[in-house]
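Chain by chain, the residues:
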Amino acid sequence: MAKRKLKKNNTCHSYSVASVKPKSQKEMAQTEKSATFALAAVALVVAVCVAPLAAEISSSDIHHHKHLSLKMDEAQLTVNNELSYEVQVSWMSQRCYQCLYQQLGVVPAGLEPGQPSSVNFVVSTQHEITLQINSTPIELELCKIPFHFGEHGNYSLWVKTLNASFGVNCSVVTDKDPVNSYIPILVAFLIYALLALVFAIGKKVWGLDAVRGLVLRLGSSMETERLINSELGPTRVVPPVTDNILPPPLTSSKRLRSLDTFRGISLVIMVFVNYGGGRYWFFRHESWNGLTVADLVFPWFVFIMGTSIALSINALLRAGATRCSLLRKAVWRSLQLFIIGVLVINPNYCQGALAWENLRIPGVLQRLAWSYLVVACLDLLVARGQLDVLTVDAWWSPAIDFLLYWPAWLCVILLEVLWLFLTFQLPVPDCPAGYLGPGGIGDMGLYVNCTGGAAGFIDRLLLGEKHMYQNPSSRVIYATRIPYDPEGVLGSINSILMAFLGLQAGKIILHYRERPKSIMSRFLIWGLLLGVVSAFLTKCSTDQGFIPVNKNLWSLSYVTTLACFAFVLLMLIYYIVDVNKWWSGAPFYYPGMNSILVYVGHEVFEDYFPFCWQMSNSQSHAEHLIQNLVATSCWVIISYLLYKKKIFWKI
């Protein structure tokens, strides 16, 4: 819900008992490579230099609080009670669907008329919350107040008796304006936008004939001087150095740069949010239903993996590889991914030996391994090495990229039927059939230990609670009590669907590789169809659809929604990077070419300098944002240096 714009000091927000209203791509020269690296380094230096300023912006008002020491995303609320009896203050987040109110505290009765009793509380500022005031003797609701508090602001809640009646009036007063915690994001955006602009201008200037001629003349004079200084030693013909940033001249087997760019975008955002995303709530995973930025990137990574499978298997079959050898390679690669994933999510580097009984089994790389194996097997079942011999005159040829692979589609559909059956028909002890809720205080606290319904039950049955993720995002708002793993067994079925939709994108590219307009139009058609499916499943709502969008469950609507976004985004990147060559894909292209190394590296070295350091104020969004941006930028620079040295980690 959009954050309410706070007014000036002492602005009152009054609510009576009777009425409560909730708020509603060319080759480039060696110089350009150096310029790219230099600009990336400058971005790093500028980001570090701006840290003290941004930190000051974020934390300048913290020390003015009189009573309570506030942390990140907190505000102080003073409740003043003028009533002759004590009241209980409770709260509920507006992002918490059908939740129980949680007690904030009790405020004693007023001392005497005109002298209220006061109690200070700390409230969350991430989302709008609803305050509920009840009388303690008879649990009578006096008033409800929906309000979005600002970070580090001071507020007063006055509970008074109306003069002409026995009713109660509740009003919120802003005693001290909150800080604007979003300024660091604006500053960071402007810095990176400025660097991109400088790079674009530098590229245009370098393309001018006059500038190139000047550089060549300077280079020629320097070479003459070098020969004189070396006593006119034998000259050697040095081939011109060409930039390896852009791909080689167009060939039939040219690697699509847009795919690596898309992968790189997903990976960079994933690294950023995994490092913390400045501790902003929208850079964290949604507590249950809905989407945040953090929820977008992993499905996109799975999607582009499926696209790469289609292109890779087709190229290997055309080169003469057998299907059995490709199957062995797929199994071996999946096994490596799974093992690496288990090692990465169970580090324990400085805490002694890892206990087997606490080993977490599911994870990101594990899910990638499973999805890769199944989708690669399905593609090996139906893939064709030579597509040029296929007819284009049949009535069904416009849908050849779909109909030609119907056995694989049939398998995927059967997997989805299995997911639907298990999700909605599997009996779960003490939980209603088809339960998709978070448990905890959700659904009025009726299903406390039913987090994830069948998905959670299957994981607890097959894996055991100690081998699952112990701190799910549902604990933040819904106060859930039991472990739940967002990379669990049942959700892996829908990750296969996501990878298979990416495989379909790869089939479109293969069948229409000489017709960019056909590729883009089909991407848009698929995006539209998936969007319609999502609208139907969710009823265009967050919580009230047949199957809500939910990252923890990897629900069907979550996959169709993110695949819709992926088709549209891939179409745009393909048009900009590969068709018109307006953009080389830098800097995202480089981590996209070394995705496994970047992902594993950012997990392993997460707590090491320069990816992490001790902060002067750990409760500052600005300091966290700068640290996370520096860490992410470091991995982009590392991937660029590895690309320049032609070092790639392939498994």
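Residues numbered from 1 in each chain as written. Predicted model: local features only at pLDDT ≥ 70, side-chain atom pairs only at ≥ 80, totals over all residues. Heavy atoms only, no water.

Engineer: It is not clear to me how the overall build of the protein should be interpreted in this structure. Could you clarify?
Structural biologist: The secondary structure content of the protein amounts to 18 helices and nine strands. Within the protein, buried positions represent 51% of all 651 residues. As displayed, the protein has an accessible area near 31700 Å², and 64% of this comes from carbon and sulfur atoms. (Helix = DSSP H or I, 4+ residues; strand = E, 2+ residues; numbered from the N terminus. Buried < 20%, exposed > 50% of the residue type's maximum accessible area, 1.4 Å probe, protein only. Areas by Shrake-Rupley, 256 points an atom, 1.4 Å probe, with all protein chains shown as cover.)

Engineer: Would you take a moment to explain the nonpolar core for this structure?
Structural biologist: Here is a general trend for soluble globular proteins: nonpolar side chains tend to be buried in one another's company. The biggest cluster of nonpolar side chains holds 112 residues, and the ones touching the most others in it are Phe303, Met498, Leu501 and Phe523. Here this core takes 13 residues from helix α15 (residues 556–579), the largest share from any one element. Leave out the neighbours within four places in its chain, and leucine 501 touches Phe303, Trp409, Trp526, Leu530, Val559, Ala563 and Phe567. (Core = buried A, V, L, I, M, F, W, Y, C linked by side-chain atoms within 4.5 Å. Contact = heavy atoms within 4.5 Å.)

Engineer: It is not clear to me how a nonpolar patch on the surface should be interpreted in this structure. Could you clarify?
Structural biologist: Residues Leu194, Leu197, Val198, Ile201, Val205 and Leu208 make up a contiguous nonpolar surface patch of roughly 530 Å² in combined accessible area. Counting through the fold element by element, isoleucine 201 comes out in helix α3 (residues 183–206). (Patch = residues over 30% accessible without salt bridge, like charges linked within 9 Å, V, L, I, M, F, W, Y side chains within 5 Å. Salt bridge = Lys/Arg side-chain N within 4 Å of Asp/Glu carboxyl O.)

Engineer: Is there a simple way to explain the packing of α3 against helix α18 (residues 621–644) in this structure?
Structural biologist: Across the interface, α3 lies against α18 with an axial gap of 10 Å and an inter-helix angle of 30°. Overall, the two elements α3 and α18 adopt an arrangement that is roughly parallel. By crossing handedness, the relation of α3 to α18 is classed as right-handed. Counted together, Pro184, Ile185, Ala188 and Tyr192 of α3 and Ala622, Leu625, Leu629 and Ser633 of α18 form the full contact between these two elements. In the contact of α3 with α18, the residues fall into seven nonpolar, one polar and no charged. (Axes fitted to C-alpha atoms, helices over the stretch in contact; angles between N-to-C directions. Parallel < 35°, antiparallel > 145°, perpendicular 65-115°, else oblique. Left-handed = near helix turned anticlockwise from the far one by under 90°. Nonpolar A, V, L, I, M, F, W, Y, C, P; charged D, E, K, R; others polar.)

Engineer: For this particular structure, what's the right way to read the packing of aromatic side chains?
Structural biologist: To describe a pair of aromatic rings, you give the distance between the ring centres and the angle between the ring planes. Scanning the model with the defined rule gives 32 aromatic pairs in all. For the pair phenylalanine 298 and tryptophan 554, a centre-to-centre distance of 5.5 Å together with 80° between the ring planes defines the contact as edge-to-face. You can see phenylalanine 298 sitting in helix α6 (residues 297–318) and its partner tryptophan 554 sitting in the loop between α14 (516–538) and α15, a full 256 residues away along the chain. The exposure class assigned to phenylalanine 298 is buried, which follows from its relative accessible area of 5%. Residue tryptophan 554 is classed as buried on the basis of its relative accessible area, which comes to 0%. Taken together, Phe303, Phe402, Trp409, Phe500, Phe523, Trp526 and Phe567 form an aromatic cluster joined through their ring pairs. Stacked on the ring of tyrosine 405, the Lys or Arg lysine 507 has its end atom at 4.4 Å from the ring centre. (Phe/Tyr/Trp six-rings, centres within 6.5 Å; stacked < 30°, edge-to-face > 60°. Lys NZ or Arg CZ within 6 Å of the ring centre and 35° of its normal.)

Engineer: Sorry, what's going on with the confidence of the model for the protein here?
Structural biologist: Regions with low pLDDT carry predicted coordinates that are not meant to be interpreted in detail. The predicted model of the protein has a mean per-residue pLDDT of 84, with 81% of residues at 70 or higher. When pLDDT is averaged over each helix and strand of the protein, the minimum, 38, is found for helix α2 (residues 51–59) and the maximum, 97, for α15. A low-confidence stretch, residues 231–253 (pLDDT under 50), is modelled with 33 contacts involving residues beyond four sequence positions or located in other chains. (pLDDT = per-residue confidence, 0-100.)

Engineer: So what exactly am I meant to see when it comes to unusual backbone geometry here?
Structural biologist: Note on backbone geometry: most residues besides glycine have negative phi, and most peptide bonds are trans. A cis amide bond, omega 0°, links alanine 586 with the succeeding residue proline 587. Of note, proline 587 is situated in the loop between α15 and α16 (589–593). The linkage connecting phenylalanine 609 with the following residue, proline 610, adopts the cis geometry, with an omega of 10°. Locating proline 610 in the fold gives a position in the loop between α17 (595–604) and α18. Of note in the backbone geometry, cysteine 540 takes a positive phi value of approximately 55° without being a glycine. Examined against the element boundaries, cysteine 540 turns out to sit in the loop between α14 and α15. Phi is positive for lysine 581, close to 55°, though the residue is something other than glycine. Along the chain, lysine 581 turns up in the loop between α15 and α16.

Engineer: Would you explain α15 in this entry?
Structural biologist: Owing to its 3.6 residues per turn, the α-helix brings residues three or four apart onto one side. The end-to-end C-alpha separation of α15 is 32 Å, in line with the 34 Å expected for 24 residues at 1.5 Å each. Within α15, 17 of the 24 residues are buried, which leaves the element mostly enclosed by the surrounding structure. (Expected span 1.5 Å × (residues − 1).)

Engineer: Whenever I open this one, the pattern of salt bridges confuses me. Can you help?
Structural biologist: Proximity of charged atoms lets side chains of opposite charge pair with each other. Following the criterion strictly, the structure yields seven salt bridges and no others. Notably, a salt bridge pairs arginine 522 with aspartate 401, separated by 3.9 Å at the nearest N-O pair. A residue pair is termed long-range when its members are at least 10 positions apart, and arginine 522 in helix α14 and aspartate 401 in helix α9 (residues 400–403) qualify at 121 residues. Take arginine 522 and aspartate 401: they sit in the same class, and that class is buried.

Engineer: Would you mind showing me how to read the sheet that holds strand β6 (residues 129–135) here?
Structural biologist: Strands belonging to one sheet form pairs held by backbone hydrogen bonds; the direction of such a pair is parallel or antiparallel. With antiparallel pairing, the four strands of this open sheet are ordered in space as β4-β3-β6-β7. The sheet is open, and its two edges are formed by β4 (102–107) and β7 (140–147), each paired on a single side. The sheet shows a mean angle of 20° between the axes of neighbouring strands, direction not considered. In the sheet, strand β3 (residues 87–93) pairs with β6 via seven bridges, with the strands oriented antiparallel. Residue pairing for β6: methionine 92 is matched across the bridge by threonine 130. (Pairing = 2+ DSSP bridges.)

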